[in-house]
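Analysis of the macromolecular model
Now for the letters of each chain:
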Amino acid sequence: MTTEGQVHLVGAGPGDPELLTLRAHRLLTEADVIVHDRLVSPEIMALIPAATRRISVGKATSHHTMPQESINRLLVDLARQGLNVVRLKGGDPLIFGRGSEEAEALRDAGIPHDYVPGITAAQGAASTTGVPLTHRGLATGVRYVTGHRAADAALDLDWDGLARPDTTLVIYMGAATMAAIAAELIRRGRPADLPAMAVASATTPREARVVSTLSRVAEEAAGLEAPVLFIVGEVVSLHAAQPLPELLADLPMVANA
């Protein structure tokens, strides 16, 4: 079956509209329909023409507006109507974004599709906080992991690898499991006072930060609103030496020793 429609799996980045790629911005203005996640920032959504159809398929903890299988079918159905579809995801569609699952469904259905990369939340948070993800003498590598587990399944991570002292650990979707992750890392030898930071809504006017330690960051970040990213490692110690960028100078920050 030949189809006239197509689907673009687009990364919206961490929230600042100026961090969108030029291609992503163009596709937002050309799309017939936008299928978007809950955490795409309002600043990004404001770039979409008012007449463009929008379909929210957002997910929250323990509550899915639309199951993933239904999202896959929706994308296929819209494309088969001959529509130019943008599937808009926060961050990058290939980093904890299920973009590859949706692409697989589109490929199986014979629907033309492509990826448009976005700046992932870790990069956005690093740029606004001044905390590098790697730094000579402090971290030679960085690991991205998700703290979310479907159906409350147990965390099954490469704990020994994550506990390496020369590694920066970035935890996505970890608000509910950060305390358990911290406890296991400490059990594996990481110091309780290892610098750690939580960043909410990175790169947006709502950005808020908690600078703390591995043993305390989960508790002290409990009041932050999603999306929250955790960065753990010696690199967080560089935060105090880095001023806020001028455009973000008025953002709230909580620093806890």
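Below, the structure is looked at part by part. All of these numbers come straight from a predicted model, not from anything done at the bench.

How each quantity is defined
- Residues numbered from 1 in each chain as written.
- Predicted model: local features only at pLDDT ≥ 70, side-chain atom pairs only at ≥ 80, totals over all residues.
- Heavy atoms only, no water.
- Helix = DSSP H or I, 4+ residues; strand = E, 2+ residues; numbered from the N terminus.
- Phe/Tyr/Trp six-rings, centres within 6.5 Å; stacked < 30°, edge-to-face > 60°.
- Patch = residues over 30% accessible without salt bridge, like charges linked within 9 Å, V, L, I, M, F, W, Y side chains within 5 Å.
- Areas by Shrake-Rupley, 256 points an atom, 1.4 Å probe, with all protein chains shown as cover.
- Salt bridge = Lys/Arg side-chain N within 4 Å of Asp/Glu carboxyl O.
- Lys, Arg positive; Asp, Glu negative; His and termini not counted.
- Charge placed at Lys NZ, Arg CZ, Asp CG, Glu CD.
- Contact = heavy atoms within 4.5 Å.
- 1 Å grid on protein atoms, 1.4 Å probe; cavity = no way out; pocket = protein on both sides within 12 Å on 5 of 7 lines; lining within 4 Å.
- Points joined across faces, edges and corners; volume = space filled by probe spheres on them.
- Nonpolar A, V, L, I, M, F, W, Y, C, P; charged D, E, K, R; others polar.
- Buried < 20%, exposed > 50% of the residue type's maximum accessible area, 1.4 Å probe, protein only.
- Polar contact = N/O pair within 3.5 Å; in protein donor to acceptor, adjacent residues only side chain to side chain.
- Pairing = 2+ DSSP bridges.
- Axes fitted to C-alpha atoms, helices over the stretch in contact; angles between N-to-C directions.

Structural notes on unusual backbone geometry
The linkage connecting Ala226 with the following residue, Pro227, adopts the cis geometry, with an omega of 5°. The topology assignment puts Pro227 in the loop between helix H8 (217-220) and strand S12 (228-232). One non-glycine residue, Arg98, lies in positive phi territory at about 60°. Position of Arg98 relative to the elements: it lies in the loop between strand S6 (84-89) and helix H4 (99-108).

Section: the packing of aromatic side chains
Applying the stated criterion across every chain yields a total of two aromatic pairs. An aromatic cluster of at least three residues, connected via ring pairs, comprises Phe96, Tyr144 and Tyr172.

Side note on a negative patch on the surface
Judged by side-chain charge, Glu69, Glu101, Glu104 and Asp108 come together as a negatively charged surface patch. Here Glu104 shows up in helix H4.

Considering the environment of Ala31
Its place among the elements puts Ala31 in the loop between helix H1 (22-30) and strand S2 (33-36). Taking the C-alpha atoms as reference, Ala31 lies 8.0 Å from Leu83; in sequence the two are 52 residues apart. Not counting residues within four places of it along the chain, the set of residues in contact with Ala31 comprises Thr52, Asn84 and Val86.

Remarks on empty space enclosed by the protein
The probe, sized like a water molecule, is rolled over the atoms to show the empty space still left. Counting across every chain of the model gives one cavity of 30 Å³ or more. Roughly 30 Å³ of internal volume is contained in the largest cavity. In this structure, the largest cavity is lined by Leu162, Arg164, Thr167, Leu169, Leu185, Arg190, Leu194, Val232 and Gly233. The class makeup of the residues in the lining of the largest cavity is five nonpolar, two polar and two charged.

Quick notes on the environment of Val236
Following the sequence through the fold, Val236 ends up in the loop between S12 and strand S13 (253-255). Classification of Val236 as buried rests on a relative accessible area of 3%. For the pair Val236 and Val131, spaced 105 residues apart in sequence, the C-alpha separation works out to 5.7 Å. The residues contacting Val236, other than those within four sequence positions of it, are Val131, Pro195, Ala196, Met197, Val211 and Ile231.

Some points on the side chain of Asp92
Position of Asp92 among the secondary structure elements: in the loop between S6 and H4. Comment: no salt bridge for buried Asp92; closest opposite-charge side chain is Lys89, at 9.8 Å. At 3.1 Å, the side chain of Asp92 forms a polar contact with the backbone nitrogen of Gly118. With near-sequence residues (within four places) excluded, Asp92 lies in contact with Gly11, Gly97, Pro117, Gly118, Ile119 and Thr120.

A few points about the pattern of salt bridges
Tallied over the entire structure, the rule returns 13 salt bridges. Taking the shortest distance from any N to any O, the salt bridge between Glu102 and Arg87 comes out at 3.2 Å. Separated by 15 residues along the polypeptide, Glu102 in helix H4 and Arg87 in strand S6 bring together distant segments of the chain. In this pair, the class of Glu102 matches that of Arg87, namely buried. Between Arg164 and Asp166 there is a salt bridge, with its nearest N and O atoms 3.0 Å apart. Taking the relative accessible area as the measure of exposure, Asp166 reaches 24% and is therefore partly exposed. Several salt bridges converge on common partners, so that one network encompasses Asp37, Arg87, Lys89 and Glu102.

Thoughts on the sheet that holds strand S3 (residues 53-56)
Across the sheet, which stays open at both edges, the five strands sit in the order S3-S2-S6-S1-S7 with parallel pairing between neighbours. At either margin of the open sheet sits one strand with a lone partner, and together these are S3 and strand S7 (113-116). Within this sheet the neighbouring strands show an average axis-to-axis angle of 20°, counted without direction. The pairing of S2 with S6 spans four bridges and is parallel. For His36, the partnering residue across the bridge sits in S6 and is Leu88. Helix H3 (residues 68-80) contacts strand S1 (6-11), S2, S3 and S6 of the sheet and is inclined by roughly 155° relative to S6.

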